[in-house]
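Here is what each chain is made of, one letter per residue.
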Amino acid sequence: MAASCSMNNLMFSPSNPTLSWNFSLPTTSIPPFRKANKRFAVFATFMSTKPTVLVTEKLGEPGLELLRNFANVDCSYNLSPEELCTKISLCDALIVRSGTKVSREVFESSGGRLKVIGRAGVGIDNVDLSAATEHGCLVVNAPTANTIAAAEHGIALLTAVARSIAQADASVKAGQWQRSKYVGVSLVGKTLAVMGFGKVGSEVARRAKGLGMQVISHDPYAPADRARAIGVELVSFDEAISTADFISLHMPLTPATLRMFNDEAFSKMKKGVRIVNVARGGVIDEEALIRALDSGIVAQAALDVFTEEPPAKDSKLVLHEQVTATPHLGASTMEAQEGVAIEIAEAVVGALKGELAATAVNAPMVPAEVLSELAPFVALAEKLGRLAVQLVAGGSGVKTVKVTYASARSPDDLDTRLLQAMIIKGIIEPISSVFVNLVNADFTAKQRGLRITEERIVLDGSPENPLESIQVQIANVESKFASAISDFGEITVEGRVKDGKPHLTKVGSFGVDVSLEGSLILCRQIDQPGIIGKVGSLLGEENINVNFMSVGRNAPRKQAVMTIGVDEEPSREALKRIGETPAIEEFVFLKL
Ligand SMILES: NC(=O)c1ccc[n+]([C@@H]2O[C@H](COP(=O)([O-])OP(=O)(O)OC[C@H]3O[C@@H](n4cnc5c(N)ncnc54)[C@H](O)[C@@H]3O)[C@@H](O)[C@H]2O)c1
Ligand SMILES: O=C(O)[C@H](O)COP(=O)(O)O
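A brief structural summary. Bear in mind the structure is a predicted one, so any value in this text is a computation, not a measurement.

Analysis parameters
Per chain, residues are indexed from 1 in the order of the written sequence. To label them, take the chains in the order written and letter them from A, then take the ligands in the order written and number them from 1. Only residues with pLDDT of at least 70 are given local features in this predicted model, and only at 80 or more are side-chain atom pairs given and counted; all residues enter the totals for whole chains, interfaces and linings. Only hydrogens and water are set aside; all other atoms, that is, all heavy atoms of the structure, feed into the side-chain values. Definitions used for this entry: grid spacing 1 Å over protein atoms alone; cavity, a set of points where a 1.4 Å probe fits but cannot get out; pocket, an open set with protein on both sides within 12 Å along at least 5 of 7 lines; lining residue, one with an atom within 4 Å of a point. Grid points are joined across faces, edges and corners, and a volume is the space filled by probe spheres set on the points. Here a residue is considered near a molecule or strand provided that any single heavy atom belonging to it is located within 4 Å of it. In protein, a polar contact requires one atom able to donate a hydrogen and another able to accept it; more generally it is a pair of N or O atoms within 3.5 Å, and residues adjacent in sequence count only if both atoms are side-chain atoms. Here, Shrake-Rupley sampling with a 1.4 Å probe gives the accessible areas, and only protein chains in the shown set may cover a residue. Think of it as three bins: nonpolar holds Ala, Val, Leu, Ile, Met, Phe, Trp, Tyr, Cys and Pro, charged holds Asp, Glu, Lys and Arg, and polar takes everything else, Gly as well. Side-chain atoms within 4.5 Å link the members of a nonpolar core, which is a set of buried Ala, Val, Leu, Ile, Met, Phe, Trp, Tyr and Cys residues. Each residue is assigned to one of three classes by its accessible area relative to the maximum for its type, calculated with a 1.4 Å probe on protein chains only: buried under 20%, partly exposed between the two thresholds, exposed over 50%. What counts as a helix is a DSSP run of H or I of at least four residues, what counts as a strand is a run of E of at least two, and both are numbered from the N terminus. Only strands joined by at least two bridges in the DSSP assignment are considered to pair. In what follows, residue pairs with any heavy atoms lying within 4.5 Å of each other are defined as contacts. Between N-to-C directions, angles span 0 to 180 degrees; the directions come from axes that are lines fitted to C-alpha atoms, helices contributing only their stretch in contact.

### What about empty space enclosed by the protein?
Argument step 1. Tallied over the full model, the rule gives 2 cavities of 30 Å³ or more.
Argument step 2. Looking at the second largest cavity, its volume works out to about 40 Å³.
Argument step 3. Lining the second largest cavity are Asn 277, Gly 281, Ile 284, Glu 286, Leu 289, Leu 303, Val 305 and Leu 317.

Take a look at the structure:
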């Protein structure tokens, strides 16, 4: 329950409702003097002494200057993990880039003093977020200042692979003059598939259009009008990879994108395609890429990022003749590093002063009383958001979300900001590299063109419970599970809290009842005897534990929706067998 952990760590100060950060440390790690005063306001510590900020990787001078005006700054680069753990107990904040592993040991070694981690860039895969949260440490990043630099590096690599720049350079330096070996290909008129149409992807697309390329993009969650505005067509994954002469990767690394460029994907590509990756190494199955390069499917690849950084010295991929490699340089321009340094220094100083950080990645804030009452609904809200977005069919941009709260409380007596933030988190996180919390939810939703409207249904009865139900609807999209579309045309999921646990109680217009734990399989079937048993035994044969099962139907022997909670992720084969079960008309597997 990462969400509830993080919420416990940073809260509103009831005595200071102007949204200052109050660091409340988890009981397990609170030194004795703090246990007496659990609501420990961070700025109080610094009334008389300057905080210390440790910077472990090169940070632009303007950022360092900002930091020095407020804190003692210790720039110690290339620390070993042991040295970092030793130093950290003397520091209130730590600023890193992607090269410093901020592991659980770092937080444990800090003795509770470390309050803020600043990531001078976007990706925080090098920071152990759960450990940060458990230790009451706020993590902030700088998500926008290096977008252009990454896009420009993508374009640099695109032109490099078109003209074999790296290979030709190496050959000249080796004393050769091989003009006929390095005849390149032109970019003008060629098709570029931009995979992931977010901040970096859209800037790459804009620039490639300027080079005369035809640009298509695959991004299941990007609004088509934003793409259309710069002359880019959004297409399916298969269409993008099978029609492109060049493919440039710009999606985040998520469970869904992990190794999505694998043998199967490479086999669908045009022979001689050229691939650029300035996103994250993990989106490519690197062994499969070597096979595709060896077979000539991929003529060349330019890689700025790798599954392991730095890659092994004898890495077959890096040493491959048709691979151009750069050492994670996407964000490394003078301008981007200056921007990132200022952005992160401001965020860290602000957080140390107790101000709200718009780029906080692990810290929702709510009064403790409200939090404890809303906790199970918070989990429900996030899970409903996650379910709803996973029901969206690829190609439909998610733009309009309606949330309906049914409660016996008057609207003034129910603060839904946290719930709405958790719904936004549930919707955005599975499809993006952005981390959403109460602080940055509105900002993130607006940035992505996501419009959230809220409605209240005021029920009769006792207002003892804050809420009866939450309904999340996504409008103007198609669903990969048609039964999730309600009679009014929106993807609809509704849930309640039962015995303190979140339950899904409605999908489309079908009433269901399933505890939201593990993962879910939704099936639409013709209601008839034996189907539940068939699917149940099929899952049993695959050694998949069913934790809950419910069937919702509008009338006997007509269509019904079966909801199955499973502890393990079914294999492709198991899912295929479910789909082939007679009377099952459609099904979908959803991760919670
Ligand atoms: N090499 C570098 O130095 C460098 C610099 C900056 C960013 N990055 C990386 O670049 C990537 C993009 O960064 P950004 O700032 O543009 O992020 P972003 O969140 O703005 O954009 C990511 C986009 O990917 C889309 N997406 C999600 N799942 C997808 C899928 N399965 N298929 C296709 N698209 C999908 C999202 O809808 C979103 O539009 C991230 O991985 C980031 O870490 C690398
Ligand atoms: O996530 C990022 O911002 C980029 O990958 C850049 O990483 P860097 O700050 O280590 O250059």
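The rest of the description comes next.
### Some thoughts on the site of ligand 2
Argument step 1. In the vicinity of ligand 2, the residues found are Arg 97, Ser 98, Arg 119, Ala 120, Gly 121, Val 122, Gly 123, Asn 146, Arg 280, His 328 and Ala 331.
Argument step 2. Residue Asn 146 places a side-chain N or O atom 2.9 Å away from an oxygen atom belonging to ligand 2.
Argument step 3. Interatomic distance of 2.7 Å between a side-chain N/O atom of Arg 280 and an oxygen atom of ligand 2.
Argument step 4. Protein burial of ligand 2: of its 310 Å² of free accessible surface, 91% is covered by the chains.
Argument step 5. Taken together, the residues of the shell around ligand 2 sort by class into 3 nonpolar, 5 polar and 3 charged.

### Remarks on the site of ligand 1
Argument step 1. Neighbouring residues of ligand 1: 29 residues in total, closest Val 200, Asp 219, Val 278, Asp 304 and Ile 431.
Argument step 2. Backbone polar atom of Lys 199 to an oxygen atom of ligand 1: 2.9 Å apart, as the coordinates give it.
Argument step 3. Interatomic distance of 2.6 Å between a side-chain N/O atom of Asp 219 and an oxygen atom of ligand 1.
Argument step 4. For ligand 1, the protein covers 96% of the area, taking 860 Å² as the surface of the free molecule.

### Notes on the nonpolar core
Argument step 1. Judged by nonpolar contacts, the single largest core of 51 residues is most densely connected at Leu 391, Val 401, Ile 470 and Leu 504.
Argument step 2. At 9 residues, the largest contribution of residues to this core is made by helix α17 (residues 368-390).

### A short note on the sheet that holds strand β15 (residues 323-325)
Argument step 1. Taken in spatial order, the 7 strands line up as β11-β10-β9-β12-β13-β14-β15 in an open sheet, and their pairing is parallel. Every interior strand has two partners, whereas the edge strands, β11 (233-234) and β15, have only one.
Argument step 2. Relative to strand β13 (residues 273-277), strand β12 (residues 246-249) runs parallel, the two sharing 4 bridges. Bridge assignment links Phe 246 to a residue of β13, and that residue is Arg 274.
Argument step 3. Packed on one face of the sheet, helix α14 (residues 286-295) meets β14 (298-303) and β15 and runs near 140° to β14.

### Overview of the layout of surface pockets
Argument step 1. Of the pockets and cavities examined, the second largest pocket occupies roughly 310 Å³.
Argument step 2. Those elements that provide at least two residues to the lining of the second largest pocket are α5 (81-88) and α6 (104-109).
Argument step 3. Of all the elements, α5 adds the most residues to the lining of the second largest pocket, at 3 residues.
Argument step 4. Across the lining of the second largest pocket, the residue classes tally to 6 nonpolar, 6 polar and 3 charged.

### Focus: the sheet that holds strand β25 (residues 584-591)
Argument step 1. An order of β23-β24-β22-β25 is seen for the 4 strands of this open sheet, with the pairing classed as antiparallel. A single partner strand is all that each edge strand has here, and the edge strands are β23 (546-553) and β25. Each neighbouring strand pair of the sheet contributes to a mean axis angle of 15°, computed without reference to strand direction.
Argument step 2. Direction of pairing for strand β22 (residues 519-526) relative to β25: antiparallel, over a ladder of 7 bridges. Across the sheet, Ser 519 pairs through a bridge with Lys 591, a residue of β25.
Argument step 3. Against the sheet, helix α20 (residues 531-541) contacts β22, β23, β24 (559-566) and β25, and its axis sits at roughly 25° relative to β24.
Argument step 4. Sitting on the sheet, helix α21 (residues 572-580) touches β22 and β25, and the angle it makes with β25 is about 150°.

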